[in-house]
Amino acid sequence: MCIVLGMSVGHALLGLLEGGPRHGYDLKRSYDERFGQDRPLAYGQVYSTLARLLRNGLVEVESEPGAGPERKKYAITDAGVSDVAGWLAQPEKPEPYLQSTLYTKVVLALLTGHDAADVLDAQRAEHLRLMRELTRRRDGGDLADQLICDHALFHLEADLRWLEVTAARIQQLAAQVRA
Amino acid sequence: MAPEPLLTAENLHLSFGTATALDSASVEVHAGEVLALMGPSGSGKSTLLHCLAGILHPDQGRVTYAGRDLTAMHDDERSALRRSEFGFVFQFGQLVPELTCLENVALPLRLGGASRRAAQRSAAAWLERLEVSDVAHKRPGQASGGQEQRVAVARALVTRPRVVFADEPTGALDTLNGERVMQLFVAAARETAAAVVLVTHEPRVAAYSDHEAVVRDGRVRTREYAR
Ligand SMILES: Nc1ncnc2c1ncn2[C@@H]1O[C@H](COP(=O)(O)OP(=O)(O)O)[C@@H](O)[C@H]1O
Ligand SMILES: [Mg+2]
């Protein structure tokens, strides 16, 4: 399974750039190392994502004279840094297979010096908000509502258990990520 | 502006020997709200609940209930306050095994000076409210786990407390029984405008709360307010 779903590749690359300017291929390598275990990023996707980030002013190019696209060094801008911070602070909409995005967020929070526990806490709050709503709907509904809501509730509960276990291992993960 | 909280813990510290159970824990409970205290096992949830309820005395810090400093009260004053203002539901083992379920629910009223007739009438109404009238004349040991917890909820609410403290109230029940207990418990607490402090490590139980506070290593990490 792809560790990072499409939406967060841009944020992941930005987060990695907080460590310092890099060439595209270098960025791809460190992305694959951390998040791309089973499905490395295609070069095409790296460059198209960087082009989008460039258009949006989230990265800038430190050009080397006479260099082609693969020789360009990309650096994160101030706008890029706040974009990463905003993304980390914003909980995800609870949905299946969220753990991949959350895992990326936790690792990047650790890499960029944000509080990873805050990421997990914000997500827990968001999950519980939805669980309250589903619980109300279930308890006031007919049998079909009950079964449908229960299915969603069990899945959200599984996510929350994962958040809990991850929170308990955050020191361990921090040591590994920063090693 | 939010109104003053009904119950407040400020920077509580409490150690059992060398084990630190609370390390600067602070939390607020507002009148009529259901607050879930979540967190891993051993994080200090029960200890915090016991301090809030005036059962345990913190080494440092202050607990304030309706403007009164619980930590500065005499023991008997605190016990009286607990009897008149607070109710308790635990995971199990809180009912007197020799008494019938009806007598168990009537007991707090009897201790408060109510007549036997009045106490039993009120107890019967609460058992009905919790849908366990059929075990009124049975002993707790003859009721199922789910019925027993509903009797315990009836007993906690019969004195119309302003705060009910519940420590893993469904911890010994299966999913469906636990849910039914929570539904009836929270609905009844809301009817009487009692606040509930609910200790649970189960998200599905915490989903019956209005807000959650997460306890980790003896501290309260977050408190989310509904919008
Ligand atoms: N009576 C006690 N004597 C010694 N240690 C205790 C006592 N009560 C709690 N503790 C310790 O304090 C910590 C917090 O316990 P507790 O409040 O029961 O946690 P929780 O309810 O979150 O599982 C734990 O490390 C526990 O072992
Ligand atoms: Mg406990």
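Since we're looking at a predicted model, the values are computed, not measured.

Comments concerning helix H4 (residues 116-129) of chain B
All names here are of chain B. Here H4 contains 14 residues, and its C-alpha end-to-end distance of 20 Å stays within 8% of the 20 Å for a straight helix at 1.5 Å per residue. Every buried residue belonging to H4 is among Ala 119, Ala 123, Trp 126 and Leu 127, and all of these are buried. Around the axis of H4, the buried residues are gathered within 100° of arc, so they sit on the same side. Facing away from the buried surface of H4 by more than 90 degrees, the exposed residues are Arg 117, Arg 121 and Glu 128. Glu 131 sits one or two positions beyond H4 and adopts a positive phi of about 60°.

Observations concerning the domain arrangement of chain A
All names here are of chain A. In terms of domain boundaries, chain A breaks down into domain 1 (1-90) and domain 2 (91-179). A straight line from the C-alpha centre of domain 1 to that of domain 2 covers 26 Å. Taken over both partners, the interface formed by domain 1 and domain 2 buries close to 1500 Å², and the fraction arising from carbon and sulfur atoms is 67%. When the buried area of domain 1 at its contact with domain 2 is split by residue, Arg 34, Trp 87 and Leu 88 rank highest and sum to 37% of it. Taken together, domain 1 and domain 2 are joined by 0 salt bridges. The tally of links from domain 1 across to domain 2 stands at 3 residue pairs in polar contact (both at pLDDT 80 or more). Counting only elements with at least two residues in the side of domain 1 that touches domain 2, the list comes to helix H1 (9-17), helix H2 (24-35) and helix H4 (78-89). A breakdown of the residues in the side of domain 1 that touches domain 2 according to their chemical character gives 11 nonpolar, 4 polar and 2 charged.

Brief notes about the site of ligand 1
All names here are of chain B. Taken together, the neighbourhood of ligand 1 is formed by Phe 16, Ala 21, Pro 40, Ser 41, Gly 42, Ser 43, Gly 44, Lys 45, Ser 46 and Thr 47. Here an oxygen atom of ligand 1 sits 3.2 Å away from a polar atom, N or O, in the main chain of Ser 43. Here an oxygen atom of ligand 1 and a side-chain polar atom of Ser 46 are 2.8 Å apart. Expressed as a share of its isolated accessible area of 560 Å², the protein-covered part of ligand 1 is 56%. Considering only residue class, the shell around ligand 1 consists of 3 nonpolar, 6 polar and 1 charged.

A closer look at the sheet that holds strand S1 (residues 22-23) of chain A
Residue and element names in this part refer to chain A. Here 3 strands make up an open sheet; going across it, the order is S1-S3-S2 and the pairing antiparallel. Of all strands in the sheet, those with a lone pairing partner are S1 and strand S2 (59-62), marking the two edges. The pairing of S2 with strand S3 (residues 73-76) spans 4 bridges and is antiparallel. Bridge assignment links Val 59 to a residue of S3, and that residue is Ile 76. Sheet strands touched by helix H3 (residues 43-55): S2 and S3. Its angle to S2, the strand with the most contacts, is close to 105°.

Let's talk about the packing of aromatic side chains
In the structure shown here, the tally under the stated rule is 6 aromatic pairs over all chains. Geometrically, the ring pair formed by Phe 35 of chain A and Tyr 103 of chain A is edge-to-face, given 6.4 Å between the ring centres and 80° between the ring planes. With Phe 35 of chain A in helix H2 and Tyr 103 of chain A in helix H5 (residues 99-111), the pair connects residues that are 68 residues apart, well separated along the chain. For Phe 35 of chain A, a relative accessible area of 1% puts it in the buried group. Ring centres 6.0 Å apart and planes at 15° place the aromatic pair Phe 88 of chain B and Phe 90 of chain B in the stacked group.

Quick look at the packing of helix H6 (residues 116-139) of chain A against helix H7 (residues 143-168) of chain A
Two quantities define a packed helix pair, namely the angle between the helix axes and the distance between the axes. Residues and elements named next belong to chain A. Direction vectors running N to C along H6 and H7 enclose 160°, while the axes themselves pass 9 Å from each other. Between H6 and H7, the angle falls in the class roughly antiparallel. As for how H6 packs across H7, the hand of that crossing is left-handed. Tallied by class, residues from the contact of H6 with H7 come to 12 nonpolar, 5 polar and 8 charged.

Observations concerning the confidence of the model for chain A
Looking at chain A, the pLDDT average stands at 86 and 91% of residues meet or exceed 70. Throughout residues 1-6 of chain A the model reports pLDDT below 50, and contacts reaching past four residues in sequence, or to other chains, amount to 16 contacts.

A few points about the pairing of strand S7 (residues 163-167) of chain B
All names here are of chain B. In terms of burial, S7 is a largely internal element, 5 of the 5 residues being buried. Residue alternation in S7 divides its side chains into two sets, Val 163, Phe 165 and Asp 167 and Val 164 and Ala 166, and both sets are buried. Relative to S7, strand S6 (residues 86-89) runs parallel, the two sharing 4 bridges. When the bridges of S7 are listed, Val 89 appears paired with Ala 166. Examined bridge by bridge, S7 and strand S8 (residues 195-199) share 5 bridges and lie parallel to one another. When the bridges of S8 are listed, Asp 167 appears paired with Val 199. Of the crossover connections in this fold, the one passing from S7 over helix H6 (residues 175-191) to the parallel S8 is right-handed.

What counts and how
- Residues numbered from 1 in each chain as written.
- Chains lettered and ligands numbered in written order.
- Predicted model: local features only at pLDDT ≥ 70, side-chain atom pairs only at ≥ 80, totals over all residues.
- Heavy atoms only, no water.
- Helix = DSSP H or I, 4+ residues; strand = E, 2+ residues; numbered from the N terminus.
- Expected span 1.5 Å × (residues − 1).
- Buried < 20%, exposed > 50% of the residue type's maximum accessible area, 1.4 Å probe, protein only.
- Arc of directions from axis to C-beta.
- Domains from an automatic or database assignment.
- Buried area = accessible area lost by both parts, 1.4 Å probe.
- Salt bridge = Lys/Arg side-chain N within 4 Å of Asp/Glu carboxyl O.
- Polar contact = N/O pair within 3.5 Å; in protein donor to acceptor, adjacent residues only side chain to side chain.
- Nonpolar A, V, L, I, M, F, W, Y, C, P; charged D, E, K, R; others polar.
- Near = heavy atom within 4 Å.
- Areas by Shrake-Rupley, 256 points an atom, 1.4 Å probe, with all protein chains shown as cover.
- Pairing = 2+ DSSP bridges.
- Contact = heavy atoms within 4.5 Å.
- Axes fitted to C-alpha atoms, helices over the stretch in contact; angles between N-to-C directions.
- Phe/Tyr/Trp six-rings, centres within 6.5 Å; stacked < 30°, edge-to-face > 60°.
- Parallel < 35°, antiparallel > 145°, perpendicular 65-115°, else oblique.
- Left-handed = near helix turned anticlockwise from the far one by under 90°.
- pLDDT = per-residue confidence, 0-100.
- Right-handed = clockwise from strand over helix to strand, strands pointing away.

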